[in-house]
Amino acid sequence: MAGPLYARYIPEKAPTKTKASVQSIEAPEAQKYALSARPAKKEKKEREQPKKRKRDKHEESEEEEASKKHKVADAVREEPEQAAQAIEEEQPELHDLVPLPQPEPVPEPDYKPTFSALPPWLAHPITVTSRATTPFSTLPIDTKLVSHLNQKGYTEAFAVQSAVLPLLLPGPKHHAGDICVSAATGSGKTLAYVLPMVESMRHRVVTKLQGLVVVPTRELVAQAREIAELCSVGTGLKVGTAVGNHSFAAEQEMLVKKGRRYDPEKYKILQAKAKERILYGTAEQDAYLDDAVDMLPGHVPEYESKVDILVCTPGRLVEHIQSTTGFSLDDVQWLVIDEADRLLDQSFQEWVGVVMAALQAEKPYEEMNARDQVLSKMWYPPERRTVRKVILSATMTRDLSKLDTLRLRRPKLVVIEDAGELAGQEANLQDTLAAASGAIFELPPTLKEWAIPVGDGSDKPLYLLRLLQTHILHENEAKARARLEDSTASGSGDEDDSSSVLSDSSSDNTTQQPPTQKLTPYHAATPKALSPASYTFDQLRRPNLHLNHRIRNPPLPPPHLPAPALRPLTTLLTKSSATSTGRKTLSRFRSGTLRILIATDRASRGLDIPELAHIINYDIPRSVTSYVHRVGRTARAGREGEAWTLFTDGEEIRRGGRKVERVKIVPAEAREEYEEALGKLKGDVEGAGR
Ligand SMILES: Nc1ncnc2c1ncn2[C@@H]1O[C@H](COP(=O)(O)OP(=O)(O)OP(=O)(O)O)[C@@H](O)[C@H]1O
């Protein structure tokens, strides 16, 4: 009998479905056992008519199912509660699927590669501890030079010098190949390359450009030149520079001497070339031929270098290679690249390619000396000179694509590592940072680093002001005072009155001042602060002015300080400062006339101011490299120094996997004056922009 056309709808419960699925999982098992219990004959019969049986079974089960449903529907209609209970009882107990128990995973050892992608010389550098020093007298250096160095206070070779000098000077440890050096800022790298260069040229007869030193900035050129001149005393070697602080023509004049030589044969060749050029236009556009035309009959022009060692910036070097007649690198024996990572990072008119080509270039036949001319006509060409290359940095690159451009010959890498407790931290830093950027980083072991939280950064100038007042100037003034008292007691004070700064500034706060004339001896020796910063106050458009303004116009002269107001002691050094202004600023800072220098990253490389005691990173540097070079302006040549970094809420400063020690500073209490000054400054800037 067919069921009713309609009935109350009872949704199927999930367990019913689950039951079905459980049943369907269990069914084959049950069937298996059921089948195995049947007699073999029946089994055979079943096998013979499997399709029919299956279909019949299927129809039967459908009928059963339908009649069951009808029964349930009837029961529900008659006794709904009992029916529901019965249905529930019918439900089998269900369990979720549980993952099978698994064995404990076997811990995998940390991956330690047994190979390195770096070539052996980079992967296994010569490492030397930063404490290894050697007396200069034990090194194969001219005795006069040793005593001159001693007089100037250079008695012991620093670690980098102790490691590099034997490799570059003649002797049992001499290395016939190129050297790369990674050593901390202020560790004495300049002397490490200048000394062997000068020693190798000591007995030269005529002036030839034999040593080429390339550095990135003008300040570095001046410093390297100073050291080169110190080492060249008594040798007659001439040191020149090319940086663009003179006109190009004046610089050409300083580098190359134009002369003439009687050589009728060569004269004929040159005349022929010159005629060719005149006939065919611009066949060979070189000033050399122009000069030849102006020569006396039978004479040819002859150019000589006026310098033995040239210290230069890469851009200016390229200009001279390309445009100065008679300037050549044919006799160069030494190529030094200081601050190599920076120089290789920036193209500077593709300087590496130009210099390498100039070093490789064959001399034209007519410019060869007689011996080479004879040899060049023979079966084998004249011997090629080898140029010794010395590549240095405190953040040495291990980027092979960059180093390859220098065509290094049998190179060796020397790394000066920090000894003692700090070495672990450095190693960490090196591991993590070297892995991240492919560079090696070194920091001076005598450097102390501090981090100062400044909230959201909106009050940074006030934090800076307080830092200067409480930790830097205050401390220094206290030290100066103590030294003053000592010397006054011993009566050894230098009476030289060069301290106009202290006397000037005393007008701000006369009652606070110690007797000014007595402070003078400590002036030059008073530690100073440099505050490299990159500013981001976009709304003010002239950000440097902002910081300078804050320091030069402190909201209130700090009454508790024996120091004068900061205004006359502070100045700016930016990239846009003209060369002469920059030089003057630096010399005033060196002498102690100025105590606070607000600088950009221009001052972060190579600047050597021995007395500089504090670096303040007003903003967190953009890279680790930048941090290393900035803080490296202090703690130089084994002196102590401190680096302070202001950081905002979202920033963090870590070193060697740990946070740099924090110092809490309460910002200077001058908010109202600060806001007022900011408003005034904004007005000034907007006024100036109109
Ligand atoms: N053997 C020495 N004895 C005493 N002072 C030294 C010695 N060698 C170098 N110095 C001094 O150490 C200071 C730092 O030297 P230098 O500028 O060569 O360091 P650097 O390693 O090139 O630093 P940077 O990487 O920052 O350029 C200089 O003032 C220099 O005169």
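Rules used in this analysis
Residue numbering note: each chain is counted from 1, following its sequence as written. Only residues with pLDDT of at least 70 get local features here, since the model is predicted, and only at 80 or more are side-chain atom pairs given and counted; chain-wide, interface and lining totals rely on the full set of residues. Note: side-chain values were computed over all heavy atoms of the structure, leaving out hydrogens and water. For the purposes of this entry, the term helix denotes a DSSP run of H or I that reaches at least four residues, the term strand denotes a run of E that reaches at least two, and both are numbered from the N terminus. What qualifies as a polar contact is a pair of N or O atoms within 3.5 Å, subject to a donor-acceptor requirement within protein and to the restriction that residues adjacent in sequence count only when both atoms come from side chains. Proximity is defined per residue: if any heavy atom of the residue lies within 4 Å of a molecule or strand, that residue is considered near it. The method behind every accessible area is Shrake-Rupley, applied with a 1.4 Å probe, and residues are considered shielded solely by the protein chains displayed. Asp, Glu, Lys and Arg are counted as charged, while Ala, Val, Leu, Ile, Met, Phe, Trp, Tyr, Cys and Pro are counted as nonpolar; the rest, among them Gly, fall into the polar class. Think of a nonpolar core as a cluster: buried Ala, Val, Leu, Ile, Met, Phe, Trp, Tyr and Cys residues, connected wherever their side-chain atoms sit within 4.5 Å. Type-normalised accessible area, obtained with a 1.4 Å probe on protein chains alone, sets the label of each residue: buried when under 20%, exposed when over 50%, and partly exposed for intermediate values. Note on pairing: DSSP must find at least two bridges between two strands before they are called paired. A fitted line through C-alpha atoms serves as each axis, taken over the contacting stretch for helices, and the angle formed by two N-to-C directions is quoted from 0 to 180°. Within this document, salt bridges are pairs made up of a side-chain nitrogen of Lys or Arg and a carboxyl oxygen of Asp or Glu, the two lying within 4 Å of each other.

Draft legend 1. Examining the environment of Ser401 more closely. As for its position among the elements, Ser401 is in helix α17 (residues 400-404). Reaching out from Ser401, the side chain makes a polar contact with the side chain of Asp399 at a distance of 2.6 Å.

Draft legend 2. Quick peek at the site of the ligand. Near the ligand there are 19 residues, and of these Tyr154, Glu156, Lys189, Thr190 and Asp608 occur at the shortest range. The contact in question runs from an oxygen atom of the ligand to an N or O atom on the side chain of Lys189, over 2.7 Å. At a separation of 2.6 Å, an oxygen atom of the ligand approaches a polar side-chain atom of Thr190. When the ligand sits alone it has 640 Å² of accessible area, and the protein chains cover 90% of it. Among the residues making up the shell around the ligand, the classes are represented as five nonpolar, eight polar and six charged.

Draft legend 3. The nonpolar core, seen in detail. Ranked by size, the top nonpolar core spans 47 residues in total, and within it Phe136, Tyr193 and Leu195 carry the most contacts. For this core, the leading source of residues is helix α8 (residues 189-201), giving eight residues. Counting residues in each nonpolar core, the second largest holds 38 residues, with Leu317, Phe327, Ala358 and Leu403 among its members.

Draft legend 4. Representation of the sheet that holds strand β9 (residues 309-312) in the model. Sheet architecture is open: eight strands sit in the order β1-β13-β4-β11-β10-β5-β9-β6, paired in parallel fashion. Across the chains shown, the open sheet's two edge strands, defined by having one partner strand only, are β1 (126-129) and β6 (239-242). Across the sheet, the mean angle from the axis of one strand to that of its neighbour is 15 degrees, orientation sign disregarded. In this sheet, β9 lies alongside β6 in parallel orientation, the contact comprising four bridges. Each residue of the ladder has a partner; that of Gly240, found in β9, is Leu310.

Draft legend 5. Structural detail: the pairing of strand β11 (residues 388-393). β11 sits mainly inside the fold: six of its six residues count as buried. The pairing of strand β4 (residues 179-182) with β11 spans four bridges and is classified as parallel. When the sheet's bridge partners are listed, Cys180 is paired in β11 with Ile391. Two strands pair when backbone bridges link them, and strand β10 (residues 334-337) and β11 are joined in this way by four bridges, in the parallel orientation. Across the sheet, residue Val336 finds its bridge partner in β11, namely Val390.

Draft legend 6. The environment of Gln360, seen in detail. Its location among the elements puts Gln360 in helix α15 (residues 351-360). With a relative accessible area of 43%, Gln360 lands in the partly exposed category. Sequence separation between Gln360 and Val387 is 27 residues; the distance between their C-alpha atoms is 9.4 Å.

Draft legend 7. Quick look at the pattern of salt bridges. Counted by the stated rule, this structure contains 15 salt bridges. Of the charged contacts in the structure, one is a salt bridge between Arg316 and Glu319, with a shortest N-O distance of 3.5 Å. Taken together, the residues span about one helical turn, with Arg316 and Glu319 both in helix α13 (residues 314-323) at a distance of three residues. Judged by its relative accessible area of 12%, Arg316 falls in the buried class. Of the charged contacts in the structure, one is a salt bridge between Lys402 and Asp399, with a shortest N-O distance of 3.8 Å. Lys402 sits in the partly exposed class, given a relative accessible area of 25%. Overall, the relative accessible area of 28% leaves Asp399 in the partly exposed class. One network of salt bridges, with partners in common, ties together Asp142, Glu199 and Arg202.

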